[in-house]
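# Coordinate analysis (summary)
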Amino acid sequence: MTNVNLPIPEPGHHEPGITDAESNIELKEVEGLSQGQIVRKRFFRHRGAVIAMIVLGFIVLLSFSSVGVVIGDLRIPGWWPFTWTELTDIVDRTRPSVTHPFGQDEVGRDIFAVVMRGAQQSLMVMVIAGVIATLVGTALGALAGYYRRGVDSVIMRFTDVIITIPLIVIGAVLGNGLGNLGAAVLGVVIGLFSWTSLARLVRAEFLSLREREFVDAARVAGASDGRIIFRHILPNAVGVIIVNSTLLMAAAILLETALSFLGFGVESPDTSLGKIISDNQAAFATRPWLFWWPGLFIVAIALCINFIGDGLRDAFDPRQKRVPSARTLEKAERKESGHRGSAGPSDTGSNTRGTVDATGRGTPGRPGSTAGSPDADGGR
Amino acid sequence: MATFVIRRLIASFFVFLAATYLMYILTALSGDPLEELRLSASPNKESLIEARINLLNLDVPPYLRYFIWLAGVGGCFIGRCDLGVNIQGQPVTVLLGQALGQTLQLVTTAAILAIIIGIVIGIVTALRQYSGFDYGVTFTTFLFFSLPIFWVAVLLKQYVAIGFNDFLQEPTIPPLVIGVLAVLAGLFWMALIGGAIRRKVIVFAIAAVVTAGVLVYMDLTRWFENPSLGPVVVILSAVGAAYGVTAISTGLKNKRALYSSLTVAGVGVLFYLFLKPFVFYAMTLPLYLGLAVGALVIGGLIGWLWGGPDRWQSVRTAAIVALLIGVVISIDEHMRWFSAYAGSSRVGNRPIATIGAETPNLGGNFWIQGVDTFTHVLLPTLALILISIASYTRYTRSSMLEVLNQDYIRTARAKGLTERTVVVRHAFRNAMIPIATIVAFDIGSIVGGAVITERVFGWTGMGQLFVNGLDHIDPNPVMAFFLVTGTLAIIFNLIADLVYAALDPRIRLS
């Protein structure tokens, strides 16, 4: 699904359903670029992903700089005048005002500060859970896929045990005992139990990659197992890993809010976005701002992560290539048919824009032309 | 094949055994079940604690107490299930039965609708890849996917339930709202149907005018106070269903299929006009289900009688049309009872419920009960659909795109097959192979997947059983929940693999 090998130009070989014009457009895009450059280029072409990255960066900056950070006993204050615990004088019957742009709750806490702290906590859970799940999932998946047999069976049965238990159950059970230890612990717990899907995918990737010629070549050259895993196979599986860890992170942030909502996550006096909503559920009719702001931040963060994940998938997956629009294709075709002196089929207009149907597929592919053939292994 | 199934089941059994052990220990160790009693000030505190210890075998340490529980579960194999008692002393087996009923009522409709809508949207976005419609749908599904369900739930309660109930007090639609809705409907159909500018404008105009006309009509006749579809709409939708289903299923060129669908539509309309009052007078659930099966059989029979070289095409088409018309007639009948329901003293003109699974002590006939179920299921179902539609749309879209890029699709087009045949028969069927496994897997997990939805909407289903058990450090209900969800997950995982192998001949189970 997400093989990241470079397209190898191969004479006379055609990707299914690709015309010369199309493949020429495709090839021109990647000519003379390294894999990293191609991925970066494709990612930045995904407008949604780029916007999402900017928005997410802004949220991170805002939440950590405004109310400051607390690490153990060390407290770095931010530029916002209030903190999330202090009770302030009630202004304008707690409605949003100049001093309290997000409003206040019924005892006078500044909701901007509370939401910023909540966003910090949720982001922290997301990153910690994402990193831990990625490390554990990759390590176990790689071991199972590379060594197969006994190691594979043991690891995959262990994965089955973990996967059988729904994630929300584990979070709730452990959160019940450990919940008041705060967001960091919650992140670790979520991370320790959400690596299963990634482990399965990495294993499948390793199972197919370890049979490839370049691994044989490395082994013949005397490379150790560790070197083969880290230097030869892992870089080829990095697409699967990155894409799925972003999805894990999006799931982690929603899981954190859900757990806090059920009362198994972050506990008072600290706060998280899910907990703010849970605490103020009944207040929607009287103080809707207690409800809108934390919700909007959850949605914004999760949406950004999902979009970034989508952009990364597009960037890493050569098979999900962008079909050129009818206009680009027509232009390229006209140019090509000009070379050959024959008229290319014209675009009939309706219903063909951007779809993968009949537009301009009349041109027969000339043997000898080069077509990008992302070397799909079809092993899965 | 048989060896594969047996080996899988045995492996799953041991994996599941290990998982239940883990779960039991975790739940039992997550707190002290006696804490509330220890903190209480009642004079007979000691005897209460004693009683609870005896009730739940708390004198046995958890890693041994598990086996007491396991022995009770083992009784299921000889017909005497004993899942223990909860902290109040109620038998969990009974609680589980009630909870399962409510959860199924809650999630079944949501799951079916989410799957159908998601797949349809996924196909349309794949056919219109990188169009405005595609981008719009992608963004919307991502947005829904990122919503916490409890947040959606509160919004739905506020704007759908309370808003609609307020609207029903004085059901007039302001002209501005009509205008906005008409433009939105126009844009939606324009994006969906697509095509050249000229066609887009025409589609937009027709959709907007029709929407505005319907809304004005509803406003003028005060339709919302006494809603029904009426004979005209029923006849129109019957004929529309006949043409629509035939167009997708066999193509309108297949005259025999078209005629059988139209015959079915005619029979349905005749039933609606003349027979309905006699049959619907004393409706019961068995009769209702019997009518649904009867509709399928009669539809199939009509298709079979029209026959033709490929009889089953007509049978299939006519049966689907019959079922659709049955659904329309049933909706119409429910609507006729709506005002009686809304006006009843228990409901008090605020029909859309925000909490609970049914109106207590409502009474009334089959249709009123049906309306009651509908008004209670509406909000949670909407919330669940919004959240779960995204993954089906994305999966269908990418699967469909992959298939549409294959050589055999180009061959099919080159042969001169119609676009319908290419999309429905060559592309759709192959694209559905991976989707079928995802669907099978999801159906296995829906029973346990609505924990938060149940909490927010006040249903006492499986999720509530589980969360309450966790709250009270009460392993037995938690384990009952886990037993059901885990077993279903294992079974449907296996079904997913079997379905995959059955649909795709290249896959071999070993």
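Preceding this section is the structure that the text describes.
## So, the overall build of chain A
Secondary structure summary: chain A contains 13 helices and four strands in total. When the 380 residues of chain A are sorted by exposure, 51% land in the buried category. For chain A, long-range pairs separated by at least 24 residues make up 71% of all intrachain contacts whose partners lie at least 6 apart in sequence.

## Let's talk about the overall build of chain B
Helix and strand counts for chain B come out as 20 helices and zero strands. With the C-alpha coordinates of chain B rotated into their principal frame, the extents come out at 80 × 60 × 45 Å. By residue count, 44% of the 510 residues in chain B fall in the buried class. Restricting to contacts in chain B with at least 6 residues of sequence separation, those with at least 24 account for 72%. Surface accessibility of chain B: about 25200 Å² in total, with carbon and sulfur atoms responsible for 71%. Seen as two clouds, the 33 positive and the 26 negative side-chain charges of chain B have centres 17 Å apart.

## Comments concerning the environment of Val327 of chain B
All names here are of chain B. Structurally, Val327 is set in helix H13 (residues 311-336). According to the relative accessible area criterion, Val327 is partly exposed, its value standing at 44%. Note: C-alpha distance between Val327 and Ile119 (208 residues apart in sequence) is 21 Å.

## So, the pattern of salt bridges
Two side chains that carry opposite charge are able to pair once their charged atoms sit near each other. Residue and element names in this part refer to chain B. The final tally for this structure, using the stated rule, is 16 salt bridges over all chains. The salt bridge partner of Lys276 is Asp332, with a shortest N-O separation of 3.8 Å. Within this pair, whereas Lys276 is found in helix H11 (residues 255-280), its partner Asp332 is found in helix H13, the two being separated by 56 residues in sequence. When its relative accessible area of 9% is taken as the criterion, Lys276 is described as buried. On the basis of relative accessible area, Asp332 is assigned to the buried category, the value being 0%.

## Comments concerning the environment of Met335 of chain B
All names here are of chain B. Its place among the elements puts Met335 in helix H13. A sequence separation of 111 residues divides Met335 from Phe224, and the C-alpha atoms of the two residues are 9.9 Å apart. Residue contacts for Met335: discarding those within four places in its chain leaves Trp223, Pro227, Ser228 and Leu229.

## Quick notes on helix H5 (residues 149-164) of chain A
Over its 16 residues, H5 of chain A runs 22 Å from end to end, which matches the ideal 22 Å to within 8%, given 1.5 Å per residue. The set of residues buried in H5 of chain A consists of Asp152, Ile155, Met156, Thr159, Asp160, Val161, Ile162 and Thr164 of chain A.

## Comments concerning unusual backbone geometry
Even without being a glycine, Arg149 of chain A presents a positive backbone phi close to 40°. Mapping Arg149 of chain A onto the fold places it in helix H5. On the accessibility criterion, Arg149 of chain A (67% relative accessible area) is exposed. Here Ile473 of chain B, not a glycine, exhibits a phi torsion of approximately 50°, which is positive. Along the polypeptide, Ile473 of chain B turns up in the loop between helix H19 (462-471) and helix H20 (475-503). Here Ile473 of chain B falls in the buried class, since its relative accessible area comes to 11%.

## Regarding the side chain of Gln120 of chain A
Residue and element names in this part refer to chain A. Mapped onto the elements of the fold, Gln120 is located in helix H4 (residues 111-147). We classify Gln120 as buried; its relative accessible area is 2%. Other than its neighbours up to four places away in sequence, Gln120 contacts Ser63, Phe64, Val67 and Gly68.

## So, the packing of aromatic side chains
All told, the structure shown has 32 aromatic pairs over all chains when counted by the stated rule. The interplanar angle of 50° and the centroid separation of 6.4 Å between the aromatic rings of Phe102 of chain A and Phe297 of chain A together place this pair among those described as tilted. Of this pair, Phe102 of chain A sits in the loop between strand E3 (74-76) and H4 while Phe297 of chain A sits in helix H12 (residues 289-316), placing them 195 residues apart in sequence. Assigned by exposure class, Phe102 of chain A and Phe297 of chain A land together as buried. Note on Tyr24 of chain B and Tyr66 of chain B: the rings are 5.7 Å apart at their centroids and 70° apart in plane angle, and the pair reads as edge-to-face. You can see Tyr24 of chain B sitting in helix H1 (residues 2-29) and its partner Tyr66 of chain B sitting in helix H4 (residues 62-74), a full 42 residues away along the chain. Take Tyr24 of chain B and Tyr66 of chain B: they sit in the same class, and that class is buried. Taken together, the aromatic side chains of Trp79, Trp80, Phe82, Phe102, Phe112, Trp293 and Phe297 of chain A make up a single cluster linked through ring pairs.

## Details of helix H10 (residues 225-262) of chain A
Residue and element names in this part refer to chain A. Given a rise of 1.5 Å per residue, 38 residues ought to cover 56 Å, yet the end C-alpha atoms of H10 are separated by just 46 Å, more than 12% below that figure. Of all bends in H10, the biggest is about 60°, found at Leu234, and the proline Pro235 comes one to four residues later. Within two residues after H10, Gly263 carries a phi angle of roughly 90°, on the positive side.

Procedures and definitions
Residues numbered from 1 in each chain as written. Chains lettered and ligands numbered in written order. Predicted model: local features only at pLDDT ≥ 70, side-chain atom pairs only at ≥ 80, totals over all residues. Heavy atoms only, no water. Helix = DSSP H or I, 4+ residues; strand = E, 2+ residues; numbered from the N terminus. Buried < 20%, exposed > 50% of the residue type's maximum accessible area, 1.4 Å probe, protein only. Contact = heavy atoms within 4.5 Å. Areas by Shrake-Rupley, 256 points an atom, 1.4 Å probe, with all protein chains shown as cover. Lys, Arg positive; Asp, Glu negative; His and termini not counted. Charge placed at Lys NZ, Arg CZ, Asp CG, Glu CD. Salt bridge = Lys/Arg side-chain N within 4 Å of Asp/Glu carboxyl O. Expected span 1.5 Å × (residues − 1). Phe/Tyr/Trp six-rings, centres within 6.5 Å; stacked < 30°, edge-to-face > 60°. Bend = angle between axes of the 7 residues up to and from the residue.

That's the geometry; what it means functionally is another story.
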